Amino acid sequence: MDATRDAFPADGAAGTETGGAQVPQGRTESAGPAVPQGTEGATTVTDGGSGPGEPAATRGQTSIADGVVEKIAGMAAAEVTGVYALGGSGLARALGAARDRVPGGRSNVARGVHAEVGQRQTAIDLDVVVEYGVPIPEVAAEIRENVITALERMTGLEVVEVNVAVGDVHLPDENPADTRIV
């Protein structure tokens, strides 16, 4: 995703990276409202105004954490027919699946997903395992379409690229209970 780093911010202005969001050159971060705890690494999607002259819907800012973008992308990729699991192959995926089965633990839908989020754009890297027999280029194209549609609809961010790395193929005779994501 190195090629997309120059694409942030979307308006082409140079900026500086600050905690996952970019501040356009010429602007500085003020000691204004405190960043809500737990939103570090979040990106600001809308620059809202303030004051009685602004419409109510635009008063304030909306920020989306990088992890939210990764979860949306993971869920959208997992919905595609032919995707067996997200994440690397072999041992790492098996350990993650075992960790998900611990009582009180949650399934990690963002496993194998990395999002690089700018102020108005995002790029996604996905590691997937596909079912044996499916046409990989078609599955990858459907993953891209599903991920882009979901992210742009839910976050308002422009998705500049979705890189799909197929790390393994699930064979019909492999143990189905070890790593399945759904």
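Within each chain, residue numbers correspond to sequence positions counted from 1 in written order. Under the rules for a predicted model, residues below a pLDDT of 70 receive no local features and side-chain atom pairs below 80 are neither given nor counted, while totals for whole chains, interfaces and linings still include all residues. In computing side-chain values, all of the structure's heavy atoms are included and hydrogens and water are not.

## Some words on the packing of helix α1 (residues 66-78) against helix α3 (residues 136-155)
When two helices pack together, their arrangement is given by the angle between the helix axes and by the axis-to-axis distance.
Part 1: An axis is simply a line fitted to the C-alpha atoms; with a helix, the fit covers only the stretch in contact. Between two such axes, the angle follows the N-to-C directions and lies from 0 to 180 degrees. Helix numbering and strand numbering both begin at the N terminus, where a helix is a DSSP run of H or I of at least 4 residues and a strand a DSSP run of E of at least 2. Running from N to C, α1 and α3 point in directions that differ by 140°, and their axes come no closer than 8 Å. When the axes of α1 and α3 are compared, the pair comes out oblique. For the pair α1 and α3, the sense of crossing is right-handed. On α3, the residues touching Val69, Ile72, Ala73, Ala76 and Ala77 of α1 are Ile143, Asn146, Val147, Ala150, Leu151, Met154 and Thr155.
Part 2: Across the contact of α1 with α3, the residue classes break down as 10 nonpolar, 2 polar and no charged. Roughly parallel here means an angle under 35 degrees, roughly antiparallel means over 145, roughly perpendicular means 65 to 115, and every remaining angle is called oblique. Rotating anticlockwise by less than a right angle from the far helix to the near helix defines a left-handed crossing, while the corresponding clockwise rotation defines a right-handed one. In this description, contact between two residues means that some pair of their heavy atoms is separated by no more than 4.5 Å. Amino acid classes used here: Ala, Val, Leu, Ile, Met, Phe, Trp, Tyr, Cys and Pro are nonpolar; Asp, Glu, Lys and Arg are charged; the rest, including Gly, are polar.

## A short note on α3
Part 1: Between its first and last C-alpha, α3 extends 28 Å over 20 residues, near the 28 Å set by a 1.5 Å rise per residue.
Part 2: Relative accessible area decides the class of each residue, using a 1.4 Å probe on protein chains only: under 20% of the type maximum gives buried, over 50% gives exposed, and in between gives partly exposed. All of the buried residues in α3 are Val139, Ala140, Ile143, Val147, Ala150, Leu151 and Thr155. On an axial view of α3, the arc spanned by its buried residues comes to 105°, and they lie on one face. Away from its buried face by more than 90 degrees, α3 exposes Pro137, Glu138, Glu145 and Arg153.
Part 3: Phi turns positive one or two residues past the end of α3, at Gly156, with a value near 80°. By this rule the span expected of a helix is its residue count minus one, scaled by 1.5 Å. Starting at the helix axis, one direction is taken to each C-beta atom, and the arc is that of these directions.

## Thoughts on α1
Part 1: End to end, α1 covers 18 Å across 13 residues, agreeing with the expected 18 Å (1.5 Å per residue, within 8%).
Part 2: By the burial criterion, the buried members of α1 are Asp66, Val69, Glu70, Ile72, Ala73, Gly74, Ala76, Ala77 and Ala78.

## Topic: the nonpolar core
Part 1: Ranked by size, the top nonpolar core spans 26 residues in total, and within it Val69, Ile124, Leu126, Ile143, Val147 and Leu151 carry the most contacts.
Part 2: Counting residues per element, this core draws most heavily on α3, at 6 residues.
Part 3: The contact partners of Leu126, leaving out residues within four places of it in the chain, are Ala77, Gly112, Val113, Ile143, Val147, Val162, Asn163, Val164 and Ala165. Residues belong to a common nonpolar core when they are buried Ala, Val, Leu, Ile, Met, Phe, Trp, Tyr or Cys residues joined through side-chain atoms within 4.5 Å.

## Examining the environment of Leu86
Part 1: Positionally, Leu86 belongs in strand β5 (residues 83-86).
Part 2: Distance in space between the C-alpha atoms of Leu86 and Val109 is 7.9 Å, their sequence separation being 23 residues.

Interpretation in functional terms is not warranted from these geometric data alone.
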